[in-house]
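The primary structure of each chain is shown beneath.
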2 protein chains.
Amino acid sequence: MERIEHRACFGGWQDVYRHESKVLGCTMKFAVYLPPQAANGKLPVLYWLSGLTCSEQNFITKAGAQRYAAEHGVVIVAPDTSPRGEQVMDDDGYDLGQGAGFYLNATEQPWATHYRMFDYVADELPALVEAHFPVGDARAISGHSMGGHGALVVALRNPGRYRSVSAFSPIVAPSKVPWGEKAFGAYLGEDRQAWKQWDASELVRSATEKLPLLVDQGGDDEFLDTQLRPQLLQAAAVAAGHPLQLRMRPGYDHSYYFIASFIGEHIAHHAAALHGEAKVHAGVAHEPHDGCGRH
Amino acid sequence: MERIEHRACFGGWQDVYRHESKVLGCTMKFAVYLPPQAANGKLPVLYWLSGLTCSEQNFITKAGAQRYAAEHGVVIVAPDTSPRGEQVMDDDGYDLGQGAGFYLNATEQPWATHYRMFDYVADELPALVEAHFPVGDARAISGHSMGGHGALVVALRNPGRYRSVSAFSPIVAPSKVPWGEKAFGAYLGEDRQAWKQWDASELVRSATEKLPLLVDQGGDDEFLDTQLRPQLLQAAAVAAGHPLQLRMRPGYDHSYYFIASFIGEHIAHHAAALHGEAKVHAGVAHEPHDGCGRH
């Protein structure tokens, strides 16, 4: 693992690392923001998954999240959106192949060899992060658009792994919209039954852990009615009794100006879940006891 | 004048306009952030001048300034950094020609025809902005690197025009550093006497208006000792008795991560100067009087 960027930011450090991913079979980059509090001990960590065409750079340069991460003492890890490199299959479309990994494990060739972003994001990357940075096991996950889909799916498929989950303008029902149909058809094949395990609106129906979902959606998002359709998640959540807070934001579009406007609220939401649990632990640790080992 | 971008951001609007500049003889773009308070009346305006290679996009996508502008009720206008277009002279270097206008009026051909960024920023653009947007005549100016030089020079050359001025990592003495020597040699010719009127460290010696200068400078800026040399401005300001607050920021580099970290403090500084004066006016307007026209 090699550090390739290191920049002071809001009293902490915005870094970028390069490493060899075993799961993906290629060199990957990911960004880590270490707030000032990281100098003093382990912190909780928020994983951010970006959308179509993005790399690890978009979120760290455009969202303005570091200010809030520094305020709340949260590490933010932002991976790339797909496997990368000349040996990795690609496609001419912006919505398939490199930059469009959809946070799933592909089963169909030629994609299945490298396209295992689900395993990367849910397992390999957290193991790497937890081994090399001052973070504990308090994890949260969020993302935008394709990455909002990723955050919801990764959290719903890994009960107990994340303390909170949120999404901006997520593709909530990829099985039913053009972006998802194209990607799932290529990565997973034509059996639509197999798609359901990668579709948040399907997963929510059988989720055993009722982790509350926080979703912000711009009312003037150019993809709202064609690709995003948050009402599909809402209907599924209502039917399943799964807690969902869907906040429509009139006037906002699909851009980083929307994310920047509300990322502070999302980080506060995650910090409450992440530190809340930490405070319970701290409370237990500081419970008065008689000091003579009678427990 | 045509609006080409319109995006909701922190309750206001991040817009981009295109217009024909008479001064520059080409089509120009500039960005305007209108905070929520712009719906209710005239606001003060902060002009932001960007650095080498930048367009009107860099600041609005990377600085995170909209949050603070919305907090303080300040409009932010960010122009491009040079004249643009196929008919406009250019150079292969990133530090001369398009993207590198240096906020001066060129006197040497082939540059003099279009390169009049000083007149554009100080006169044509404010006149356009004040005619088309809900802004009054309370103006502030700031910028980064080449744009920090621009902000200092434009303010020092226009006493009474700006209520406050600040800069991030400015080129404080362009006459004495490679970036400035190359640009001034091309735009202004080889007579170094003529360069002094475009050099903040020279202008400060004879400034009639003692407008306080606020400068933030990263201590690990890769251009600190070669191109920026803030101690030259500091020495000139001390000699002239010109108020200067130079804040060295250990660890920070020349990037937008540095700007993002401290732009909130700069906007608060400008807002205090801009609204402070406005409040004095308001106080005068609301002075009790006897209502019978005896004034």
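Use the structure listed above.
Just so you know, these numbers come straight off a predicted model, no measurement behind them. (Residues numbered from 1 in each chain as written. Chains lettered and ligands numbered in written order. Predicted model: local features only at pLDDT ≥ 70, side-chain atom pairs only at ≥ 80, totals over all residues. Heavy atoms only, no water.)

Asker: Would you mind going over the state of the cysteines with me for this structure?
Answerer: Covalent bonding between the sulfur atoms of two cysteines is what defines a disulfide. A full pass over the atoms with the stated rule returns 0 disulfides over all chains. Looking at Cys-9 of chain B, it has no disulfide partner, and the nearest cysteine sulfur is the one in Cys-54 of chain A, 17 Å off. For Cys-9 of chain B, a relative accessible area of 1% puts it in the buried group. (Disulfide = S-S within 2.5 Å. Buried < 20%, exposed > 50% of the residue type's maximum accessible area, 1.4 Å probe, protein only.)

Asker: Is there a simple way to think about the environment of Pro-170 of chain A in this case?
Answerer: All names here are of chain A. Checked against the element boundaries, Pro-170 lands in the loop between strand 7 (164–168) and helix 5 (178–188). Pro-170 sits 22 residues away from Gly-148 along the chain, and the two C-alpha atoms are 4.1 Å apart. If near-sequence neighbours (up to four positions away) are discounted, Pro-170 is found in contact with Ser-145, Gly-148, His-149, Leu-152, Val-215, Asp-216, Gln-217 and Leu-228. (Helix = DSSP H or I, 4+ residues; strand = E, 2+ residues; numbered from the N terminus. Contact = heavy atoms within 4.5 Å.)

Asker: Quick question: what am I supposed to make of the environment of Pro-159 of chain B here?
Answerer: Residue and element names in this part refer to chain B. Mapped onto the elements of the fold, Pro-159 is located in the loop between helix 4 (146–157) and strand 7 (164–168). For Pro-159, a relative accessible area of 46% corresponds to the partly exposed category. Setting aside its immediate chain neighbours within four residues, Pro-159 contacts Thr-208 and Glu-209.

Asker: Any chance you could explain the sheet that holds strand 7 of chain A here in plain terms?
Answerer: Neighbouring strands of a sheet are bound in pairs by backbone hydrogen bonds; such pairs are parallel or else antiparallel. All names here are of chain A. Pairing is mixed in the open sheet, where 9 strands are placed in the order 1-2-3-5-4-6-7-8-9. Of all the strands in the sheet, just strand 1 (2–9) and strand 9 (244–249) have a single pairing partner and so form its edges. Neighbouring strand axes in the sheet, compared pairwise and without regard to direction, differ in orientation by 20 degrees on average. Pairing of strand 6 (residues 135–143) with strand 7 involves 2 bridges; the strand directions are parallel. By the bridge assignment, Ala-140 is partnered in strand 7 with Ser-164. The sheet contacts of helix 3 (residues 117–132) involve strand 2 (12–21), strand 3 (26–34), strand 4 (43–49), strand 5 (75–79) and strand 6, and relative to strand 3 the element is tilted by about 55 degrees. Seen against the sheet, helix 9 (residues 230–240) touches strand 8 (213–218) and strand 9 and runs at an angle of roughly 155 degrees to strand 9. (Pairing = 2+ DSSP bridges. Axes fitted to C-alpha atoms, helices over the stretch in contact; angles between N-to-C directions.)

Asker: So what exactly am I meant to see when it comes to the relation of the copies chain B and chain A here?
Answerer: Think of it as a corkscrew move, a rotation about one axis and a shift along it, taking one chain copy to the other. Laying chain B over chain A is done by rotating through 180 degrees and shifting 0.0 Å along the axis; what remains is an RMSD of 0.0 Å. What we have between these two chains is a two-fold relation. A share of 96% of interface residues in chain B that are also interface residues in chain A marks the association as one of identical surfaces. (Least-squares fit on C-alpha atoms with pLDDT ≥ 70 in both.)

Asker: Would you explain the sheet that holds strand 8 (residues 213–218) of chain B in this entry?
Answerer: Residue and element names in this part refer to chain B. Pairing is mixed across the open sheet formed by 9 strands, whose spatial order is 1-2-3-5-4-6-7-8-9. Strands at the two margins of the open sheet, each flanked by one partner only, are strand 1 (2–9) and strand 9 (244–249). Between one strand axis and the next, the sheet turns through 20 degrees on average, direction left out of account. In terms of strand pairing, strand 3 (residues 26–34) meets strand 5 (residues 75–79) through 4 bridges, oriented antiparallel. What sits directly across from Tyr-33, in strand 5, is Ile-76. Where helix 3 (residues 117–132) meets the sheet, it contacts strand 2 (12–21), strand 3, strand 4 (43–49), strand 5 and strand 6 (135–143), and its direction lies at approximately 55 degrees from that of strand 3. Along the sheet face, helix 9 (residues 230–240) touches strand 8 and strand 9 and points at about 155 degrees away from the line of strand 9.

Asker: Whenever I open this one, the pattern of salt bridges confuses me. Can you help?
Answerer: Oppositely charged side chains may form a pair once their charged atoms are brought near each other. Under the criterion given, the structure shown has 34 salt bridges over all chains. Among the ionic pairs, Arg-7 of chain A bridges to Asp-253 of chain B, the shortest N-O distance being 2.9 Å. Taken together, the residues Arg-7 of chain A in strand 1 and Asp-253 of chain B in the loop between strand 9 and helix 10 (256–285) connect one chain to another. Residue Asp-253 of chain B is classed as buried on the basis of its relative accessible area of 10%. (Salt bridge = Lys/Arg side-chain N within 4 Å of Asp/Glu carboxyl O.)

Asker: Explanation requested: the packing of aromatic side chains in the structure shown.
Answerer: Each aromatic ring pair is specified by the distance between its two centres and by the angle formed by the two planes. Residue and element names in this part refer to chain A. Taken as a whole and judged by the stated rule, the model has 32 aromatic pairs over all chains. Their ring planes at 85 degrees and their centres at 5.8 Å tell us that Phe-184 and Trp-195 sit as a pair that is edge-to-face. One end of the pair, Phe-184, is in helix 5; the other, Trp-195, is in helix 6 (residues 192–195), with 11 residues separating them in the sequence. We note that Phe-184, like Trp-195, is buried. Pairwise contacts between aromatic rings join Trp-48, Phe-59, Phe-168, Tyr-252, Phe-258 and Phe-262 into one cluster. Positioned over the ring face of Trp-198 is Arg-157, at 3.7 Å from the centre of the ring. (Phe/Tyr/Trp six-rings, centres within 6.5 Å; stacked < 30°, edge-to-face > 60°. Lys NZ or Arg CZ within 6 Å of the ring centre and 35° of its normal.)

Asker: In this structure, what is going on with the side chain of Arg-139 of chain A? I would like to understand it.
Answerer: Relative to the helices and strands, Arg-139 of chain A resides in strand 6. For Arg-139 of chain A, the residues in contact, after removing those within four places along its chain, are Val-45, Tyr-47, Glu-130, Arg-161, Tyr-162, Arg-163, Ser-164 and Leu-274 of chain A.

Asker: Would you explain the interface of chain B and chain A in this entry?
Answerer: When the parts come together, some accessible area is lost, and that loss is often what is quoted as the size of the interface. Counting residues at the interface gives 23 residues for chain B, matched by 22 residues for chain A. Of the roughly 1900 Å² buried between chain B and chain A on both sides combined, carbon and sulfur atoms contribute 52%. Across the chain B-chain A interface, the total number found is 2 salt bridges. Linking chain B to chain A there are 10 residue pairs in polar contact (both at pLDDT 80 or more). Class assignment for the residues of the side of chain B that touches chain A results in 10 nonpolar, 8 polar and 5 charged. (Buried area = accessible area lost by both parts, 1.4 Å probe. Polar contact = N/O pair within 3.5 Å; in protein donor to acceptor, adjacent residues only side chain to side chain. Nonpolar A, V, L, I, M, F, W, Y, C, P; charged D, E, K, R; others polar.)

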